[in-house]
Amino acid sequence: MIFLALRHLLSRKKQSLLILIGIALGTSIFIFLTGLQLGFRAYMIRQLIENDGHVKITGRDETISPKNIENIFDPKQKNNYLWVTNPAGKRNESRIASPFDWFTFLSQNSDVSGFSELYQTQVLIRRAGVKRTAQLVGIYPQRHRMVTQLESFITEGKLADLSGGGPLVIGGAELLDELGVAVGESIFIVGLSGEMLPHRVVGRFSMGARGIDNNVLYTHISQASNIAGAQGQVSQIIVRLFDVDQARPIADQWSQWSVDKVESWDQANAQFLEVTVIQDLTRNFITVGIVLVASFGIYNVLSIIVNQKRREIAILRSLGYQSRQILELFLTQGLVLGFIGAVLGVVLGYLISYFTMNYLHSIAKSQVQIEIDPMIYLQGILMAVGSSLLAGYIPARAASQMTPIDIIREE
Amino acid sequence: MIKVNSLIKSFGHPETRVLKNLSFEIPQGQFVSIWGRSGSGKTTLLYLLSTLDKPTSGSVTLNNNNPALMNEKQLHDFRNLNIGFIFQFHYLLPELSALENVLLPARRNNLHKDYEPRAIELLNEVGLGEKTSRLPSQLSGGEQQRVAIARSLIMKPKFIFADEPTGSLDTQNGQKVMELLLKAHNEYKTTVVLVTHEKEYAQQAERRIFLVDGIIESDETKG
């Protein structure tokens with residue numbers, strides 16, 4: 001029936017073209033939006049994973065209760081004391097309880113490809129008349145570059161420059177701009193006793209995340225802990241695993257026996273990942289909307305065609321064509337429209353994605369990718385062909401149910 | 001042979017009986033015209049004879065096959081291989097050429113390539129050998145009807161049913177169509193049942209059944 005179906009379609013070029021445009025546009029929008037959304041999500045997740053490692057170990061947040069504290073007393077004296085007022089509040093421990101135990105454990109663990117400890121503290125910075133607070137993050141540069149992608153975001157200088165020892169910092173681009181300081185110049189960090197400690201800026205980085213670029217300074221860990229008077233303390237250990245997909249089960253397992261807080265990258269960013277669920281929901285709604293609009297268009301046009309072709313249906317039936325063949329004739333038209341529309345839509349969707357990505361990278365200087373995943377394209381094709389088949393089925397079935405005698409009598 | 005036995009056809013509520021207990025036979029290879037005034041039931045009778053409609057009661061058999069007892073596939077196979085239709089308004093597919101229209105019954109079984117020489121031969125016979133690739137819209141009414149005649153003959157049917165084939169044509173074209181039907185009947189020994197309200201065409205048939213209000217008023221065969 002493909003011959004007759006194609007002849008039907010070609011005899012109504014304008015209508016066929018309009019349906020094709022509708023399907024192609026719907027498919028291309030689906031491909032572009034899905035690619036953009038998944039690309040953005042992949043970019044964000046990559047940022048989260050590459051900047052914070054796969055597993056993060058920090059001091060544990062703990063709600064204070066009598067039970068937490070009573071273990072410091074001799075259990076035999078349990079009945080000899082009484083709380084006048086129950087202890088309460090939240091203990092927000094900023095340091096890891098036993099970092100050296102962790103170092104030993106992590107260096108022997110076969111799941112761990114690398115780890116790096118850091119110490120971070122809030123500091124006050126001065127530069128000429130500008131005064132503001134910032135997060136000072138002390139790292140071991142060589143170790144840190146093994147577990148995060150910080151080095152790839154450094155636009156001036158090198159991470160290794162911090163290894164030179166002494167008061168050196170690498171600052172977020174926005175923070176340095178706000179302070180009006182260039183690489184090679186100095187800023188003052190206010191120490192514990194209020195003294196002004198000069199630090200030379202040896203580099204700047206730009207991660208594209210405002211909260212970091214506008215707030216963070218990196219220095220050597222010894223320098224950070226000196227400023228905070230917390231020598232030997234570790235506030236965070238960033239762990240990189242061989243298999244990022246194992247981050248959650250491994251974090252859960254370590255968390256069970258550790259007094260410290262152990263979180264996988266997805267647990268630490270649960271709120272962001274919840275947003276992706278809403279994004280998925282939105283995308284699915286858009287997809288359903290596109291399918292409905294395309295289906296309704298095809299249904300409408302095919303219904304009109306079936307009505308216009310009643311006489312031809314009567315001829316075909318009287319010549320011995322079965323109802324199944326009439327169903328095939330109209331269903332084939334829906335299928336052909338759906339398939340050609342899908343192919344055009346895929347090409348158009350790819351071109352839109354390609355040019356938008358070029359724009360993002362070259363003009364907007366963004367690192368966001370648009371996913372060009374064959375699965376998205378396959379989904380687009382299946383969606384277009386499926387909706388065309390579904391929309392074509394109702395009028396095609398109506399056509400197949402017509403008997404020649406009924407049509408002839410109506411004529 | 002077509003056998004009609006106690007054939008009754010009624011329509012609507014309250015019931016209107018259009019054909020009233022008809023019984024007759026048409027031997028294989030006979031050219032029969034069924035004629036009568038408008039509303040006499042001649043077209044209804046043709047649709048019943050040609051398997052397009054089912055009787056209210058009684059039966060029609062074509063070479064001992066009762067279409068009312070066939071399933072859909074059997075009925076459509078039977079129509080495709082045994083029956084040729086010619087309608088008043090030619091009913092050609094407007095997007096197909098004359099040749100493609102003639103090949104439509106063969107295309108149903110993907111035999112159109114095999115039947116193409118015969119289709120060209122038939123179009124030559126009906127005087128359209130030069131216009132095989134023309135669309136119906138590029139042909140006159142008479143030419144379209146001649147294409148429909150060629151289409152009805154493509155599968156070498158045992159029966160041809162023609163419903164007012166001259167109804168929309170002028171006298172000259174109408175006579176040309178009659179001559180082609182008579183030629184097909186003579187050459188292929190096909191049973192032809194022609195429904196017409198025009199006496200001059202009815203009289204050219206070998207046998208004439210005259211219907212009045214659903215009853216056979218006269219049934220004459222040429223001596």
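Look up: the structure comes first, before these words.
Residues numbered from 1 in each chain as written. Chains lettered and ligands numbered in written order. Predicted model: local features only at pLDDT ≥ 70, side-chain atom pairs only at ≥ 80, totals over all residues. Heavy atoms only, no water.

S.K.: Can you lay out the overall build of chain B for me, pointing to particular residues and giving the numbers?
M.R.: The secondary structure content of chain B amounts to 8 helices and 9 strands. Residues counted as buried form 55% of the 223 residues belonging to chain B. Across chain B, the fraction of contacts at a sequence separation of at least 24, relative to all contacts at a separation of at least 6, is 72%. About 9500 Å² of surface is accessible on chain B, with carbon and sulfur atoms providing 47% of the total. (Helix = DSSP H or I, 4+ residues; strand = E, 2+ residues; numbered from the N terminus. Buried < 20%, exposed > 50% of the residue type's maximum accessible area, 1.4 Å probe, protein only. Contact = heavy atoms within 4.5 Å. Areas by Shrake-Rupley, 256 points an atom, 1.4 Å probe, with all protein chains shown as cover.)

S.K.: So what about the layout of surface pockets? Which residues, and what values?
M.R.: A water-sized probe rolled over the atoms picks out the places where empty space is left. A volume near 580 Å³ is recorded for the largest pocket. Along the wall of the largest pocket there are 24 residues; nearest its centre are Asn51, Asp52, Lys56, Ile212 and Tyr218 of chain A. Elements supplying a minimum of two residues to the lining of the largest pocket: helix H2 (13–52), strand S4 (112–127), strand S5 (130–139), helix H7 (210–213), strand S10 (216–220) and strand S11 (236–241) of chain A. The biggest single contributor to the lining of the largest pocket is H2 of chain A, with 5 residues. Here the residues of the lining of the largest pocket sort into 12 nonpolar, 10 polar and 2 charged. Considered as a void within the structure, the second largest pocket measures approximately 460 Å³ in volume. For the second largest pocket, the lining is made up of 19 residues, of which Ile408 of chain A together with Thr43, Tyr47, Gln88 and Asp163 of chain B are closest to its centre. (1 Å grid on protein atoms, 1.4 Å probe; cavity = no way out; pocket = protein on both sides within 12 Å on 5 of 7 lines; lining within 4 Å. Points joined across faces, edges and corners; volume = space filled by probe spheres on them. Nonpolar A, V, L, I, M, F, W, Y, C, P; charged D, E, K, R; others polar.)

S.K.: Describe the pattern of salt bridges, with residues and values.
M.R.: This model, assessed by the stated rule, comprises 22 salt bridges over all chains. The closest approach of N and O atoms between Glu100 of chain B and Arg7 of chain A, which form a salt bridge, is 2.6 Å. Note that Glu100 of chain B is positioned in helix H3 (residues 98–102) and Arg7 of chain A in helix H1 (residues 2–11), a pairing that runs across two chains. The class of Glu100 of chain B is buried, set by a relative accessible area of 17%. One salt bridge in this structure joins Lys309 of chain A and Glu312 of chain A, with 3.0 Å as the shortest N-O distance. The exposure class assigned to Lys309 of chain A is buried, which follows from its relative accessible area of 7%. Look at Glu312 of chain A and you get buried, because its relative accessible area is 7%. Through salt bridges with shared partners, one network takes in Arg41, Asp280 and Arg283 of chain A. (Salt bridge = Lys/Arg side-chain N within 4 Å of Asp/Glu carboxyl O.)

S.K.: Account for the packing of helix H5 (residues 112–125) of chain B against helix H7 (residues 171–188) of chain B, naming residues and giving values.
M.R.: Residue and element names in this part refer to chain B. Where H5 contacts H7, the axes come no closer than 12 Å and their chain directions differ by 130°. As far as their axial angle goes, H7 and H5 are oblique. Of the residues in H7, those in contact with Arg118, Leu122 and Glu125 of H5 are Leu180, Lys183, Glu187 and Tyr188. Of the residues belonging to the contact of H5 with H7, the class tally is 3 nonpolar, no polar and 4 charged. (Axes fitted to C-alpha atoms, helices over the stretch in contact; angles between N-to-C directions. Parallel < 35°, antiparallel > 145°, perpendicular 65-115°, else oblique.)

S.K.: An account of empty space enclosed by the protein is needed here, citing residue identities and associated values.
M.R.: Taken as a whole, this structure holds 4 cavities of 30 Å³ or more when the rule is applied. Its boundaries defined by the atoms lining it, the largest cavity holds a volume of some 70 Å³. Mapped by element, the contributors of at least two residues to the lining of the largest cavity are H5, helix H6 (141–153) and H7 of chain B. If you tally residues by element for the lining of the largest cavity, the top one is H7 of chain B, at 5 residues. Of the residues in the lining of the largest cavity, the class split is 7 nonpolar, no polar and 3 charged. Approximately 50 Å³ is the volume attributed to the second largest cavity. Lining of the second largest cavity is provided by Leu319 of chain A together with Arg79, Asn80, Ile83, Gly84, Phe85, Pro105, Arg151, Ser152, Ile154, Met155 and Pro157 of chain B. When contributions to the lining of the second largest cavity are tallied by element, the ones reaching two or more residues are helix H2 (72–82), strand S5 (83–86) and H6 of chain B. Counting residues per element, the lining of the second largest cavity draws most heavily on S5 of chain B, at 3 residues. Split by residue class, the lining of the second largest cavity holds 7 nonpolar, 3 polar and 2 charged.

S.K.: Outline the nonpolar core, supporting the account with residue identities and numerical values.
M.R.: By size, the foremost hydrophobic cluster in this structure holds 67 residues, and its most contacted members are Phe330 of chain A together with Ile2, Leu45, Leu49 and Phe161 of chain B. If you tally residues by element for this core, the top one is helix H13 (residues 323–362) of chain A, at 8 residues. Setting aside its immediate chain neighbours within four residues, Ile2 of chain B contacts Phe24, Glu25, Ile26, Leu49, Val60, Thr61, Leu62, Phe159, Phe161, Thr191 and Val193 of chain B. Formed by 33 residues, the second largest nonpolar core is a distinct cluster that contains Ala106, Leu123, Ala148 and Leu180 of chain B. (Core = buried A, V, L, I, M, F, W, Y, C linked by side-chain atoms within 4.5 Å.)

S.K.: Can you explain the interface of chain A and chain B? Please cite residues and give values.
M.R.: At the interface, 23 residues of chain A touch 26 residues of chain B. Buried surface at the junction of chain A and chain B, both sides included, amounts to about 2300 Å², of which 59% is carbon and sulfur. Inspection of the region where chain A meets chain B yields 3 salt bridges. Note that Lys309 of chain A is salt-bridged to Glu95 of chain B, the shortest N-O span being 2.7 Å. Contributions of two or more residues to the side of chain A that touches chain B are made by H1, helix H12 (310–318), H13 and helix H15 (404–410) of chain A. In terms of residue class, the side of chain A that touches chain B is made up of 9 nonpolar, 7 polar and 7 charged. (Buried area = accessible area lost by both parts, 1.4 Å probe.)

S.K.: Can you tell me about the packing of aromatic side chains, naming the residues and giving the values?
M.R.: Overall, the coordinates contain 14 aromatic pairs over all chains when judged by the stated rule. Ring centres of Tyr354 of chain A and Phe355 of chain A lie 5.4 Å apart, and the angle between their planes is 80°; this geometry places the pair in the edge-to-face category. For Tyr354 of chain A, a relative accessible area of 36% puts it in the partly exposed group. Residue classification places Phe355 of chain A among the exposed residues on the basis of a relative accessible area of 53%. The structure contains a cluster of three or more aromatic residues connected by ring pairs, namely Trp102, Phe105, Trp254 and Trp257 of chain A. The aromatic ring of Phe3 of chain A is capped on one face by Arg107 of chain B, whose charged end is 3.5 Å from the ring centroid. Here the basic side chain of Arg118 of chain B rests over the ring of Tyr188 of chain B, its NZ or CZ set 5.2 Å away from the ring centre. (Phe/Tyr/Trp six-rings, centres within 6.5 Å; stacked < 30°, edge-to-face > 60°. Lys NZ or Arg CZ within 6 Å of the ring centre and 35° of its normal.)

S.K.: Quick rundown of the sheet that holds strand S7 (residues 191–196) of chain B? Include the residues and the values.
M.R.: All names here are of chain B. A sheet is described by the order of its strands in space; here 6 strands give the open sequence S5-S6-S7-S3-S8-S9, paired in mixed fashion. The open sheet has two edge strands, S5 and strand S9 (215–221), and neither has a second partner. On average, each strand axis in the sheet is inclined to that of its neighbour by 15°, with strand direction left out of account. The sheet contact formed by strand S3 (residues 31–36) and S7 spans 5 bridges and is parallel. If you follow Ser33 over to S7, its bridge partner there is Leu194. Across the sheet, H2 lies against S5 and strand S6 (159–163), angled at about 75° from S5, the strand it touches most. (Pairing = 2+ DSSP bridges.)

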